[in-house]
Amino acid sequence: MAESSVPKVDFKKARKELFSAPRKGWEEITIGPIAYLMVDGQGSPGDSPEYQAALERLYPAAFGIKFWSKVELGRDYVVPPLQGLWWADDPSAFTSGDRDAWRWTMMIMLPDWIGDKDFAAGMERVAAKNSGLDFSSLRRGVIEEGRCLQHLYVGPYTDEAPVQRELHEEIMPRLGLTFAGHHHEIYLGDPRRVAPEKLRTILRQPVRPL
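Residues numbered from 1 in each chain as written. Predicted model: local features only at pLDDT ≥ 70, side-chain atom pairs only at ≥ 80, totals over all residues. Heavy atoms only, no water.

K.L.:
How would you sum up the overall build of the protein chain? Please name residues and give values.
P.N.:
The helix and strand tally for the protein chain stands at 5 helices and 9 strands. Overall, the protein chain shows an N-to-C arrangement of helices and strands of β-α-β-α-β-β-α-β-α-β-α-β-β-β. By the compact-globule yardstick of 17 Å for 210 residues, the protein chain fits well, its C-alpha radius of gyration being 18 Å. Principal axes of the C-alpha set define a box for the protein chain whose edges measure 55 × 35 × 35 Å. Each of the 210 residues in the protein chain was classed as buried or not, and the buried ones make up 48%. Considering only residue pairs separated by 6 or more positions, the protein chain has 77% of its internal contacts joining residues 24 or more positions apart. When the accessible surface of the protein chain is summed, it comes to about 10900 Å², and 51% of that surface belongs to carbon and sulfur atoms. (Helix = DSSP H or I, 4+ residues; strand = E, 2+ residues; numbered from the N terminus. Rg over C-alpha atoms; globule rule 2.2 N^0.38 Å. Buried < 20%, exposed > 50% of the residue type's maximum accessible area, 1.4 Å probe, protein only. Contact = heavy atoms within 4.5 Å. Areas by Shrake-Rupley, 256 points an atom, 1.4 Å probe, with all protein chains shown as cover.)

As structure tokens, this is what we get:
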């Protein structure tokens, strides 16, 4: 198939509901199973060497799989934004801003046509082309979050705690809801190019009735 004839899917448009949320208030959304390229770790995203090393592996893998899909499967796509799952052994570490205690899974959405077999083949190609990096900690995982509340937060990542505290301590109790999964963030802005006060992040929380 000629390169120019390969269609390119942009999931921010094709799955717009996953990459948009209201800036005022929280909306409810139900999310089915989605596959991700994932890597786990712990520590502050701004200071932790483990976090930086994770991203240094995650991005080459994501773009390498995209290229493999285009060449081998004839299916191209725009690599979706970075996302993260966040939690802590002591939940108060999250709303208090004790970032060193945070645990995380950083991840990038994968197309549904890339199953385990294709993922393994793509990662084999990625590893061969990036021999200086260890990709053994990366994996393909599927998450079905179900019922969620989500909100578009605009501002520095370090100032999210009051918004989360309001969700946890006021909004969810008022709606009769409790946690059904890890706090989820979708990063729509690049902190290397966007001023902190203009960064756009979707905050998502899986929930269930009390």
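K.L.:
So what about the nonpolar core? Which residues, and what values?
P.N.:
With 44 residues, the main nonpolar core has L37, L58, I65 and M106 as its most contacted residues. For this core, the secondary-structure elements that each account for two or more residues are strand 2 (27-42), helix 2 (49-73), strand 4 (82-87), strand 5 (103-109), helix 4 (116-129), strand 6 (139-154) and strand 8 (183-187). Ranked by residue count, the leading element in this core is strand 2, at 8 residues. The contacts of L58, once residues within four sequence positions are left out, are L37, M38, V39, L82, M106, M107, I108 and L138. Grouped together as the second largest cluster of nonpolar side chains are 10 residues, V163, M172, L177 and L203 included. (Core = buried A, V, L, I, M, F, W, Y, C linked by side-chain atoms within 4.5 Å.)

K.L.:
With reference to specific residues and values, describe the environment of D159.
P.N.:
Position of D159 relative to the elements: it lies in the loop between strand 6 and helix 5 (161-175). Considered as a pair, D159 and P209 are 50 residues apart in the sequence and their alpha carbons are 28 Å apart.

K.L.:
Which residues make up helix 2, and what are the values?
P.N.:
Across its 25 residues, helix 2 extends 35 Å between first and last C-alpha, which sits within 8% of the 36 Å expected from 1.5 Å per residue. Of the residues that open helix 2, the one with a side-chain oxygen 3.2 Å from the backbone nitrogen of E50 is S48. Of the residues trailing helix 2, G74 is marked for its positive phi of about 70 degrees. (Expected span 1.5 Å × (residues − 1). Polar contact = N/O pair within 3.5 Å; in protein donor to acceptor, adjacent residues only side chain to side chain.)

K.L.:
Describe the pattern of salt bridges, listing the residues and the values that go with them.
P.N.:
One pass over the structure, following the stated rule, counts 11 salt bridges. E72 is the salt-bridge partner of R125, the closest N and O atoms lying 3.1 Å from each other. In this pair, R125 is assigned in helix 4 and E72 in helix 2, connecting sequence segments 53 residues apart. For R125, a relative accessible area of 29% puts it in the partly exposed group. What makes E72 partly exposed here is its relative accessible area of 44%. One salt bridge connects D190 with R192, and the closest N-O pair in it is separated by 2.9 Å. (Salt bridge = Lys/Arg side-chain N within 4 Å of Asp/Glu carboxyl O.)

K.L.:
Describe in detail helix 5, supporting the description with residues and values.
P.N.:
With 15 residues, helix 5 should reach 21 Å at 1.5 Å per residue; the first-to-last C-alpha distance of 20 Å fits that figure. A maximum bend of about 35 degrees is found in helix 5 at L167. Downstream of helix 5 by one or two residues, G176 has phi in the positive range, about 70 degrees. (Bend = angle between axes of the 7 residues up to and from the residue.)

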